[in-house]
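Geometric and topological summary
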Amino acid sequence: MRAVGVTEFGGPEALHLVDVPEVHAGPGEVRLAVQAAAVNPTDTGGRSGLYARMAGGVPEMPWIVGMDAAGVVDEVGSDADGRLAVGDRVMAIVLPSGSHGAYREQIVLPAASVVPVPAGVDLPAASSLPMNGLTARLALDRMELQRGDVLAVTGAAGAFGGYVVQLAKVDGLVVVADASEDDTELVRSLGADVVLPRGEGFVAAVRERFPDGVDGLADGSVQNAQVLGAVRDGGVVTTVRGYRGEDADADLARGVRVLPVFVRDYGQNTEALDRLREQVEAGQVTLRVADVLPAAEAAEAHRRLEAGGVRGRLVLSFV
Ligand SMILES: NC(=O)c1ccc[n+]([C@@H]2O[C@H](COP(=O)([O-])OP(=O)(O)OC[C@H]3O[C@@H](n4cnc5c(N)ncnc54)[C@H](OP(=O)(O)O)[C@@H]3O)[C@@H](O)[C@H]2O)c1
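Residues numbered from 1 in each chain as written. Predicted model: local features only at pLDDT ≥ 70, side-chain atom pairs only at ≥ 80, totals over all residues. Heavy atoms only, no water.

**Some thoughts on the packing of helix 4 (residues 130-143) against helix 9 (residues 270-281)**
Going by this rule: Between N-to-C directions, angles span 0 to 180 degrees; the directions come from axes that are lines fitted to C-alpha atoms, helices contributing only their stretch in contact. A run of DSSP states H or I qualifies as a helix once it reaches four residues; a run of E qualifies as a strand once it reaches two. Both are numbered from the N-terminal end. Any angle between 65 and 115 degrees counts as roughly perpendicular, while under 35 counts as roughly parallel, over 145 as roughly antiparallel, and the rest as oblique. The contact criterion used throughout is that any non-hydrogen atoms of two residues lie within 4.5 Å. Lys, Arg, Asp and Glu make up the charged group, whereas Ala, Val, Leu, Ile, Met, Phe, Trp, Tyr, Cys and Pro make up the nonpolar group; the residues left over, Gly among them, are polar.
Between helix 4 and helix 9, the shortest axis-to-axis distance is 10 Å and the interhelical angle comes to 105°. With respect to each other, helix 4 and helix 9 are oriented roughly perpendicular. Residues Pro130, Gly133, Leu134 and Arg137 of helix 4 touch helix 9, and the partners they reach there are Ala272, Leu273 and Leu276. Looking at the contact of helix 4 with helix 9, its residues break down into five nonpolar, one polar and one charged.

**Points about the pairing of strand 12 (residues 231-239)**
To be explicit about the condition: Should DSSP find at least two bridges between two strands, the strands are regarded as paired.
Here strand 11 (residues 214-219) pairs with strand 12 via five bridges, running parallel. Bridge pairing in strand 12 places Ala218 opposite Thr238. Pairing of strand 12 with strand 13 (residues 257-260), which is carried by four bridges, proceeds in the parallel orientation. Across the sheet, residue Thr239 finds its bridge partner in strand 13, namely Pro260.

**A word on helix 10 (residues 298-307)**
Cut-off, in case you're wondering: Burial classification: accessible surface area is computed with a 1.4 Å probe over protein chains only, and a residue below 20% of its type maximum counts as buried, one above 50% as exposed, and the rest as partly exposed. An arc is given here, and it is the one of the directions from the helix axis to the C-beta atoms.
Looking at helix 10, one finds that the buried residues are Ala298, Ala299, Ala301, His302 and Leu305. The buried residues of helix 10 occupy one face: seen down the axis, they fall within an arc of 160°. Contact partners of the buried residues in helix 10: strand 1 (2-5), strand 3 (29-39), helix 1 (41-48), strand 14 (289-294) and strand 15 (313-317). Immediately downstream of helix 10, the backbone of Gly308 shows phi near 80°, a positive value.

Here is the structure:
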């Protein structure tokens with residue numbers, strides 16, 4: 001069975017086609033014939049060995065990354081929840097470990113991590129939604145903002161940031177987002193109420209518009225301490241790379257709460273994933289695919305991702 005993985009950690013070139021044993025769905029699980037797997041920034045940390053080093057121990061090779069899959073259910077285990085049947089076109093979040101990553105043409109997953117694809121959406125586009133859509137939902141849920149509150153979003157042109165903007169608008173928030181000049185129209189089209197230049201001047205620009213600061217901030221560009229100043233005293237920030245405000249005593253002292261979010265917490269949140277499906281069908285959430293590459297060209301996909309500036313997700317095809 002074909003997969004894309006590494007047998008030695010390294011740069012993009014370490015990724016290559018590998019052969020892995022067939023797998024079968026156990027109780028509460030389904031098996032997918034994967035047709036599309038999105039390429040996310042976190043995949044580069046898996047490929048390089050960063051996460052394996054953090055976990056310690058001897059890594060299981062081949063090591064297969066990938067957190068998003070879309071395909072067709074081809075096996076349903078006993079005690080699966082009854083929602084899914086062989087032949088269903090589905091999308092799923094994958095919590096990778098060792099050889100269990102989304103870059104493989106066959107994967108077994110908890111049924112709870114799998115939902116039907118949105119009507120009218122192709123599998124590559126569907127594969128771009130689960131992981132980042134769920135992370136955006138999780139960040140918004142953790143912040144517990146109220147309708148009418150103001151939310152700032154950095155990295156708004158990216159996958160996570162873009163979904164935060166769209167979901168926040170559905171939640172009734174006022175959204176102020178960052179963008180480069182080239183991305184301004186895109187970010188506006190996602191629904192941001194106010195679009196301000198990204199980068200160093202962002203905090204000052206937010207404060208000019210909202211002198212007391214914003215109620216919440218989702219930091220998709222991972223600017224950490226640099227952007228906490230945009231948030232009002234007692235406001236809340238969600239971070240996506242584990243940052244807890246450890247070097248920002250002054251902001252913590254004025255009551256700013258910094259909450260790291262990890263999508264693992266929503267890895268089996270079927271209701272949230274299915275709600276994202278509905279929101280795509282309702283036109284509230286839009287899917288953006290930059291390019292679809294054959295699985296054998298995964299190295300090229302990682303090179304392009306790491307070069308920066310990709311808008312929309314790169315997707316590997318296993319068809
Ligand atoms: N904790 C979790 O569970 C979780 C889940 C999902 C994602 N994440 C993390 O969330 C982050 C965003 O993911 P993503 O998929 O949305 O990435 P993405 O699509 O690459 O978006 C990131 C955006 O931030 C922009 N950016 C980078 N540096 C910036 C800076 N200094 N100032 C302003 N903007 C900047 C990027 O622009 P350029 O392309 O021009 O650089 C891009 O538009 C990643 O670090 C990812 O690993 C974490």
